[in-house]
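Observations on the three-dimensional arrangement
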Amino acid sequence: MTSRLCENCGRPVAETHVLCSFCGMTIAISRMECENHPEEHAVAVCVVCGKPVCGDCAISAEKSMFCDKPDHAAMQKEWILIATSHSEFEADAVCLNLAHSEIETKVFSMRDHVVTFWFDEFAIVRVFVQQKDMERALAVLSELQLIDGPASV
Ligand SMILES: [Zn+2]
Ligand SMILES: [Zn+2]
Ligand SMILES: [Zn+2]
């Protein structure tokens, strides 16, 4: 598989992908519209919630792109992506098991925001935990084989 490097974060993006799945930056000319300004093209997709945003709305923090909700960029500091899934069902299982161990989770689904048929790589549900709980959460999830091992973030 050929890949290019993302101009924003420098990580490889597969040729077929239109978005960098690490930082949310668009790679190809975007046919997405900003969710706040339908007349503007989206330049990025929030790595937390999947909302497409234009240049005016996007917030860039530590080389990742976020939407205009200030708490999403702020999540970078305390919350960490622990699991991604293509199904809400699987994400629910992750959250239930973590809740059992009294670990708080936040879940965001890309499906809340855009029609995902043309960029399947981003059509995912993301589960976040607080950094302080990360090791405990990883232990719980690997024990249950809900994830293969430490998530690569
Ligand atoms: Zn990137
Ligand atoms: Zn967001
Ligand atoms: Zn906008």
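Residues numbered from 1 in each chain as written. Chains lettered and ligands numbered in written order. Predicted model: local features only at pLDDT ≥ 70, side-chain atom pairs only at ≥ 80, totals over all residues.

1. A word on the overall build of the protein
To keep it simple, the criterion reads: A run of H or I in DSSP counts as a helix once it spans at least four residues, and a run of E counts as a strand once it spans at least two, with each numbered from the N terminus. With C-beta atoms placed from the backbone, a residue is buried if 20 or more other C-beta atoms are within 10 Å of its own, exposed if 12 or fewer are, and partly exposed between those counts. Our contact criterion uses C-beta atoms placed from the backbone: two residues qualify when those atoms are within 7 Å.
Assigned secondary structure in the protein consists of three helices and nine strands. Ordered by position from the N terminus, the helices and strands of the protein form the series β-β-β-β-β-β-α-β-α-β-β-α. Within the protein, the fraction of its 153 residues that count as buried is 34%. By sequence separation, contacts in the protein at least 24 residues apart represent 42% of the contacts at least 6 residues apart.

2. Side note on the confidence of the model for the protein
Applicable threshold: Note: pLDDT gives the predictor's confidence per residue, expressed from 0 to 100.
Overall, the predicted model of the protein reaches an average pLDDT of 84, with 86% of residues at or above 70. Element-level pLDDT for the protein is lowest in strand β1 (residues 3-5), with a mean of 83, against a maximum mean of 93 in strand β6 (residues 64-66).

3. Remarks on the sheet that holds strand β7 (residues 79-85)
The criterion, for reference: Pairing between two strands is assigned when DSSP locates at least 2 bridges connecting them. Helix axes use the C-alpha atoms of the stretch in contact, all axes being lines fitted to C-alpha atoms, and the angles between their N-to-C directions lie in the range 0 to 180 degrees.
Pairing in this open sheet of three strands is antiparallel, and the strands run β7-β9-β8 from one edge to the other. Looking along the sheet, the strands with just one partner apiece sit at the ends: β7 and β8 (105-109). Going from strand to strand, the sheet's axes swing by 25 degrees on average, the running direction of each strand aside. Sheet topology places β7 next to strand β9 (residues 125-130); six bridges connect them, and they run antiparallel. Along β9, the bridge assignment pairs Leu81 with Phe128.

4. Focus on the pairing of β9
Pairing geometry for β8 and β9, over five bridges, is antiparallel. Residue pairing across strands places Ser109 opposite Val125, the latter belonging to β9.

5. Concerning helix α1 (residues 70-78)
The test is simple: Along the arc lie the directions from the helix axis toward the C-beta atoms.
His72, Ala73 and Met75 are the residues of α1 that are buried. Seen end-on, α1 carries its buried residues on one side only, within an arc spanning 140 degrees. Across α1 from its buried face, at more than 90 degrees, point the exposed residues Pro70, Asp71, Lys77 and Glu78.

6. A word on the nonpolar core
For clarity, the threshold we go by: Residues of type Ala, Val, Leu, Ile, Met, Phe, Trp, Tyr and Cys that are buried and joined through C-beta atoms within 7 Å form what is called a nonpolar core.
Ranked by internal contacts, the top residues of the largest apolar core, which has 40 residues, are Ala42, Ala44, Cys46, Val53 and Met65. Of the residues forming this core, the biggest block, four residues, is contributed by β9.

7. Re unusual backbone geometry
Residue Glu62 is not a glycine yet carries a positive backbone phi of 45 degrees. Mapping Glu62 onto the fold places it in the loop between β5 (59-61) and β6. In this structure Glu62 comes out as exposed when scored by C-beta crowding, with 10 C-beta atoms within 10 Å. Within the chain, Lys63 stands out as a residue other than glycine whose phi angle is a positive 65 degrees.

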